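Inside the fold
Listed below, chain by chain, are the residues.
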Amino acid sequence: MTEELSGGIDTADVLEKKPNGSALAELIIPVSGSLFAIYYFTTIWDSPWTAQVSAFFVGSILMLCSAITVLRVIGKVRRGEAALNFTSLIEPRDYIVKRLILLGLVLTYVVIIPWTGFTLTTFVFLICAMALLNDRKRLGLIVGISAIMAIGGWLLFVVAFEVRFPAGPFETMMRGIM
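Each value, and the rule that gives it
Residues numbered from 1 in each chain as written. Predicted model: local features only at pLDDT ≥ 70, side-chain atom pairs only at ≥ 80, totals over all residues. Heavy atoms only, no water. Helix = DSSP H or I, 4+ residues; strand = E, 2+ residues; numbered from the N terminus. Buried < 20%, exposed > 50% of the residue type's maximum accessible area, 1.4 Å probe, protein only. Lys, Arg positive; Asp, Glu negative; His and termini not counted. Salt bridge = Lys/Arg side-chain N within 4 Å of Asp/Glu carboxyl O. Polar contact = N/O pair within 3.5 Å; in protein donor to acceptor, adjacent residues only side chain to side chain. Contact = heavy atoms within 4.5 Å. 1 Å grid on protein atoms, 1.4 Å probe; cavity = no way out; pocket = protein on both sides within 12 Å on 5 of 7 lines; lining within 4 Å. Points joined across faces, edges and corners; volume = space filled by probe spheres on them. Nonpolar A, V, L, I, M, F, W, Y, C, P; charged D, E, K, R; others polar. Axes fitted to C-alpha atoms, helices over the stretch in contact; angles between N-to-C directions. Parallel < 35°, antiparallel > 145°, perpendicular 65-115°, else oblique. Left-handed = near helix turned anticlockwise from the far one by under 90°. Patch = residues over 30% accessible without salt bridge, like charges linked within 9 Å, V, L, I, M, F, W, Y side chains within 5 Å. Areas by Shrake-Rupley, 256 points an atom, 1.4 Å probe, with all protein chains shown as cover.

Moving on to the side chain of Glu171. In this structure, Glu171 sits in helix H9 (residues 169–177). Here Glu171 is buried and forms no salt bridge, its nearest opposite-charge partner Arg175 lying at an N-O distance of 6.8 Å. A polar contact of 3.4 Å, which involves the side chain of Glu171, links it to the backbone nitrogen of Phe118. A polar atom in the side chain of Glu171 sits 2.8 Å from the backbone nitrogen of Gly168. Excluding its chain neighbours within four sequence positions, the residues that come into contact with Glu171 are Thr116, Gly117, Phe118, Thr119, Trp154 and Pro166.

Encoded structure:
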C-alpha cells in the first residue's frame, strides 16, 4: 500500500539510508600512493636537482589528491553514504579474474623492469593492461597509445628530468644514438 501511495518507491528504503560505498576499498590507492611518494622522496637525495624538483612536485600533488580523497571518504562515512568495508573491491564478482590478472601484470612489471628497462617494460605492460581492460578490442589503437605513453615517459623522465630508471635495450640503443 505504501508503494502505491509513493509512486512505486519503497518508503522504507528512503527513510532508512543504506550505505552504498566501501570506504576502505576507496582508500587503498590514495594510501598506497602516499606511501610510495614518501618512499620515493627518500630515494632521490643523490639525484640531480631537476629530478628532485619533479619528484617533489609530482609527489606533493599525489599526496594532496590523496588527502582530499581521504577527507571525502570520511565525509561519506559520517553521512552514512559509505561503510567501513572492502565490499566494492570484490564486487562485482565477474571482475575478480581481470583484477587478479592485472595484479599479476603489475607484479611482472616490477620483477622484469631491471632487465628489460623502463620504456620497453612500460610499453608491453600498457598494451597488456589496456587489452585486458578493453576485452582486446581496438588493439591497433592500444598499441599506438602505449607507444606514445612509453616514449613520452622516457622523454620526460629519462631525457628531460634525468631520472635513473632501469635501462634496457631501448635506453641502450637511444644512448648510442644521442
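With respect to the helices and strands, Lys76 occurs in helix H4 (residues 49–78). Leave out the neighbours within four places in its chain, and Lys76 touches Glu26, Glu81 and Ala82.

On to the layout of surface pockets. The space that makes up the largest pocket amounts to roughly 1000 Å³. Listing elements by their share of the lining of the largest pocket, those giving two or more residues are helix H3 (23–43) and H4. Grouping the amino acids of the lining of the largest pocket by side-chain chemistry returns 16 nonpolar, seven polar and one charged. Reported here for the second largest pocket is a volume of approximately 420 Å³. Together, 13 residues line the second largest pocket, and Ile28, Ile29, Leu89, Arg99 and Leu102 are the ones closest to its centre. When residues of the lining of the second largest pocket are traced back to their parent elements, those giving at least two are H3, helix H5 (87–90) and helix H6 (96–116). Of the residues contributing to the lining of the second largest pocket, the split by class is 10 nonpolar, one polar and two charged.

It is worth spelling out the packing of H3 against H4 at this point. When two helices pack together, their arrangement is captured by the angle between the axes and the distance separating the axes. Between H3 and H4, the least distance of the axes is 9 Å, while the angle of their chain directions is 155°. With respect to H4, the element H3 is oriented roughly antiparallel. Viewed along their axes, H3 and H4 form a crossing whose handedness is left-handed. Grouping the constituent residues of the contact of H3 with H4 by class yields 14 nonpolar, six polar and three charged.

Taken together, the side chains of Ile151, Leu155, Val159, Met173, Ile177 and Met178 define a hydrophobic patch exposed on the protein surface, amounting to about 580 Å² of accessible area. Listing elements by their share of the nonpolar patch, those giving two or more residues are helix H8 (139–160) and H9. Broken down by element, the nonpolar patch gets its largest block of residues, three residues, from H8. Along the chain, Val159 turns up in helix H8. Residue Val159 is classed as partly exposed on the basis of its relative accessible area, which comes to 34%.

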